[in-house]
Amino acid sequence: MSVPLRSLALSAPRDADSNHGNVKVFVRVRPFLTRETEKNTRCLVSMSETSVTLSPEEKSISSLEQTPKAGAPSVFHFDRALWSFDERDGFVDQQKAYHLVGEEYLQHTLEGYNTCILAYGQTGSGKSYTMMGDSANGLIPLICQHLFRQTSQMRRNQVSCTVRVSYFEIYNEQVRDLLCDDSYAGLRVRESPSEGPYVENLSEFTVNGYNDIEKYFAIGNKQRSTALTKMNNQSSRSHAVFTLSVKQVKFSESGDEIILEKNSKLRLVDLAGSERASATGTSGVRLKEGSNINKSLSTLGRVISILSANSTSQKNTMVPYRDSTLTWILKESLGGNSKTAMIACIAPTDYEETLSTLRYADSAKRITTVATQKISNVHIKVKMEDKMVLDDKDFEITALQQEILGLQQVLQRQGEKEGEETALLGMYRAKLQVLKRSAEYFEDRMIMTSFRNEMLHERNQGLTLQLDGYDKNFASLMRDVTSVGHTMTSLDRELGELKVRSVEFSDSLQRDLAAFSPEAVFE
Ligand SMILES: Nc1ncnc2c1ncn2[C@@H]1O[C@H](COP(=O)(O)OP(=O)(O)OP(=O)(O)O)[C@@H](O)[C@H]1O
């Protein structure tokens, strides 16, 4: 099922049909946790490559015995089942999970498609383990590592790749920026006609390698709202969305023209776990969190089932995306311009929860989306910018960033003081947007110019090396010529000596002949 990574040269868009596809659904079952082993529980799940079978717990069979199919296992079919319960044949470890799920979506992102992978499941079923992992081995870190391996290959094809990251959570229906120290509670969600819903004023940072990303993981994961519940020692109490925005720019051979631009986003979503208050042992603040989590997940469930019904029966029922912040933000990923995968995580026990997750996933697999690549053929002449201009821009960016920070603080204070938008606030917001766009523009220009300079520098180095090679060849040719000259001189010398020796020899021969027959000499 793994999809080999294809060449990274920017390719032409594929035909429209290949962009029309179903949400791919994967199901992963985790191993027993200590508390489950201690209880001597039985594994209720079995899997083949594409099917999942769930058998009822023995104690629940008697309560189900009234129905004809009571006690019968339920069988579901998905794009791929990921067996991580124990290490028997077909065991899916973190690397294999990346290989089976992450690789394909990274490839689509690099082709210019918006993509999304979301992990769904009851609390403690392995969503965070699948997405983040326990030591940089989850899908998110592995996708980022592979992305940077590929960007360095792209440079050889004259492609400059800029990667930006953002990380936010939806906690109690509010959006919080996980990468902003004083993230002002409750960022607004807005909708643009071309891009769909987006989070306003969300910070986004350019990253130049995996090390940079690790720093942002550390900041974001520390800020994420987690708490201890009975089911999971570190339960995620929010939905977390990590986004990689990838911009690829292809330069002409000479490096003085941009000929193609591709923009895409890869969204990686770790949903909060569905839960029952009694099972998780929650009360007070945790209970409120739990009910908000369940509310947004049930809206997600409704959205999924309506989308699924619309896709299968050509219906056009209105989809209640705006009923929760989560579904509004995921609007494009679920029903729009995106190639989307869902990983339904299940525990090997807990029949009711697992059955409900499998039904959810079963419904998701019928949803279709239409993804389009965002590629523009452009012909932009790039001006060589000298070092001084670059330094100036660097300075400008720092100044803009400081101004943005200052304005954000003013906005936060204003918001706290008045609680509603004033004319001044509106003006600041507009200015902030303009400044952010300018900062991004300058940053883009900086990256492209320095990429082009590097490209020219590398080419220059190549030519210098070639020239050095020619010089060395020439020197060795000259040495050869000199040595041939020496050989010729010595051959000449030998020839002279031979001539002298042959004259001497012929003289002595004449003399010998004369001694033997004097008449012959005088003839
Ligand atoms: N495939 C797996 N292999 C080994 N351990 C796993 C696996 N999946 C999950 N676990 C372990 O199970 C526990 C719960 O997993 P995790 O925290 O990922 O659940 P979750 O679904 O994110 O829960 P929540 O919704 O409460 O945040 C963790 O201790 C994790 O290490």
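Rules of the game
Starting from 1, residues in each chain are numbered consecutively following that chain's sequence as written. This being a predicted model, a pLDDT of at least 70 is required before a residue's local features are given, and a value of 80 or more before pairs of side-chain atoms are given or counted; all residues contribute to the totals for chains, interfaces and linings. Each side-chain value is worked out from all heavy atoms of the structure, with water and hydrogens disregarded. Only DSSP runs of H or I with at least four residues qualify as helices, and only runs of E with at least two residues qualify as strands; both kinds are numbered from the N terminus onward. Buried residues are those whose accessible area, probed at 1.4 Å on protein chains only, stays under 20% of the maximum for their type, while exposed residues exceed 50% and partly exposed ones sit between those limits. Two residues qualify as a contact provided that any one of their heavy atoms is within 4.5 Å of a heavy atom in the partner residue. Accessible surface area values rest on a Shrake-Rupley calculation with a 1.4 Å probe, where residue burial reflects the displayed protein chains alone. At least two bridges found by DSSP between two strands are what make those strands a pair. Orientation is described by axes fitted as lines to C-alpha atoms, over the contacting stretch for helices, and by angles from 0 to 180 degrees between their N-to-C directions. Orientation labels follow simple angle bins: below 35 degrees gives roughly parallel, above 145 gives roughly antiparallel, 65 to 115 gives roughly perpendicular, and whatever is left gives oblique. Two helices that cross are described as forming a left-handed crossing if the nearer one is turned anticlockwise from the farther one by less than a right angle, and a right-handed crossing if clockwise. Three categories are distinguished: nonpolar for Ala, Val, Leu, Ile, Met, Phe, Trp, Tyr, Cys and Pro, charged for Asp, Glu, Lys and Arg, and polar for the others, with Gly belonging to the last. Candidate patch residues must exceed 30% relative accessible area and have no salt bridge, after which like charges are joined if within 9 Å and Val, Leu, Ile, Met, Phe, Trp or Tyr side chains if within 5 Å. Within this document, salt bridges are pairs made up of a side-chain nitrogen of Lys or Arg and a carboxyl oxygen of Asp or Glu, the two lying within 4 Å of each other. UniProt positions are given in the numbering used here, feature names are shortened, and annotations may be inferred rather than shown by experiment. Two aromatic rings, drawn from Phe, Tyr or Trp (for Trp, its six-membered ring), form a pair once their centres lie within 6.5 Å of each other, and the interplanar angle then sorts them: stacked below 30 degrees, edge-to-face above 60, tilted otherwise. Two conditions define a charge located above a ring, namely a distance within 6 Å from the ring centre to NZ of Lys or CZ of Arg, and an angle within 35 degrees of the ring normal. Helices are assigned an expected span. That span is 1.5 Å times one less than the residue count. The quantity called bend is, for any residue, the angle between two axes fitted respectively to the seven residues ending at it and the seven beginning at it. The definition of a polar contact used here is a pair of N or O atoms within 3.5 Å, where within protein one atom must be able to donate a hydrogen and the other to accept one, and adjacent residues in sequence count solely through side-chain atom pairs.

## Re the overall build of the chain
A tally of regular secondary structure across the chain gives 14 helices and 19 strands. Among the 523 residues that make up the chain, the fraction classed as buried is 46%. Sequence separation of 24 or more characterises 75% of the internal contacts of the chain that already satisfy a separation of 6 or more. In the form shown here, the chain has an accessible surface area of approximately 27,300 Å², with 54% of it arising from carbon and sulfur atoms.

## Some remarks on the sheet that holds strand β5 (residues 74-77)
Across the sheet, three strands lie side by side as β3-β4-β5; this open sheet has antiparallel pairing. One side of each edge strand has no neighbouring strand; the edge strands of this open sheet are β3 (45-47) and β5. In this sheet, adjacent strand axes meet at a mean angle of 20 degrees when their direction is disregarded. Bridging between strand β4 (residues 51-54) and β5 involves four bridges; their strand directions are antiparallel.

## Some thoughts on the packing of helix α3 (residues 94-110) against helix α5 (residues 139-155)
The interhelical angle for the contact between α3 and α5, taken along N-to-C directions, is 50 degrees, at an axis separation of 9 Å. With respect to each other, α3 and α5 are oriented oblique. Judged by the twist between their axes, the crossing of α3 over α5 is right-handed. Residues Q94, Q95, A97, Y98, G102, L106 and L110 of α3 form the contact with α5, whose participating residues are L139, L142, I143, H146, L147, Q150 and M154. Each residue belonging to the contact of α3 with α5 can be placed in one class, and the counts come to nine nonpolar, five polar and no charged.

## Brief notes about a nonpolar patch on the surface
Together, F505, L509 and L513 make up an exposed nonpolar region whose accessible area comes to about 320 Å². With respect to the secondary-structure elements, L509 resides in helix α13 (residues 423-516).

## Considering the UniProt feature "binding site: ATP" (unreviewed entry) in the chain
Feature annotation in UniProt assigns "binding site: ATP" (unreviewed entry) to the following positions: G121, Q122, T123, G124, S125, G126, K127 and S128. Looking at where G126 falls in the secondary structure, it is placed in the loop between β7 (115-121) and α4 (127-131). With respect to the helices, strands and loops of the structure, K127 is situated in helix α4. By relative accessible area, K127 is classed as buried at 6%. Setting aside chain neighbours within four positions, we find K127 in contact with A119, Y120, G121, Q122, D270, L271, A272, G273 and C345.

## Description of unusual backbone geometry
Residue Q158 is not a glycine yet carries a positive backbone phi of 65 degrees. Here the phi dihedral of N201 falls at roughly 65 degrees; this positive angle occurs in a residue that is not glycine. Looking at the secondary structure, you find N201 in the loop between β11 (196-199) and β12 (205-207).

## Quick word on the packing of aromatic side chains
Two aromatic rings, taken as a pair, are described by how far apart their centres are and by the angle between their planes. Following the criterion strictly, the structure yields eight aromatic pairs and no others. When the centroid spacing of 5.1 Å and the interplanar angle of 50 degrees are considered together, the rings of F217 and F242 count as tilted. A residue pair is termed long-range when its members are at least 10 positions apart, and F217 in helix α6 (residues 210-223) and F242 in strand β15 (residues 239-251) qualify at 25 residues. With respect to burial, F217 and F242 carry one shared label: buried. Here the aromatic cluster, defined as three or more aromatic residues joined through ring pairs, consists of Y167, Y210, F217 and F242. One residue, K339, lies across the ring of Y113, its end atom 4.7 Å from the ring centre.

## Here we look at helix α11 (residues 351-364)
The terminal C-alpha atoms of α11 lie 20 Å apart, and with 14 residues this matches the ideal 20 Å at 1.5 Å per residue to within 8%. α11 sits mainly inside the fold: 11 of its 14 residues count as buried. Restricting attention to buried positions, one finds in α11 the residues Y351, E353, T354, L355, T357, L358, Y360, A361, D362, S363 and A364.

## Thoughts on the pattern of salt bridges
Going through the model one piece at a time under the given rule, you end up with 13 salt bridges. When salt bridges that share partners are traced, they join R30, R35 and E36 into one network.

## Overview of α3
Along α3, the helix axis deviates most sharply at G102, where the bend reaches about 45 degrees. At the N-terminal end of α3, a side-chain oxygen is found 3.3 Å from the backbone nitrogen of Q95, two or three residues along, and the residue is D93.

## Quick word on the side chain of E169
Take E169: it is sitting in strand β8 (residues 159-171). Polar contacts involving the side chain of E169 include one to the side chain of S238, which spans 2.6 Å.

## Focus: the pairing of β4
Burial along β4 is two-sided: the face carrying S51 and T53 and the face carrying V52 and L54 are both buried. Here three bridges tie β3 to β4, and the two strands are oriented antiparallel to one another. Each bridged residue has a counterpart across the sheet, and for S46 the counterpart in β4 is T53. Connecting β3 to the next strand, β4, in antiparallel fashion are three residues.

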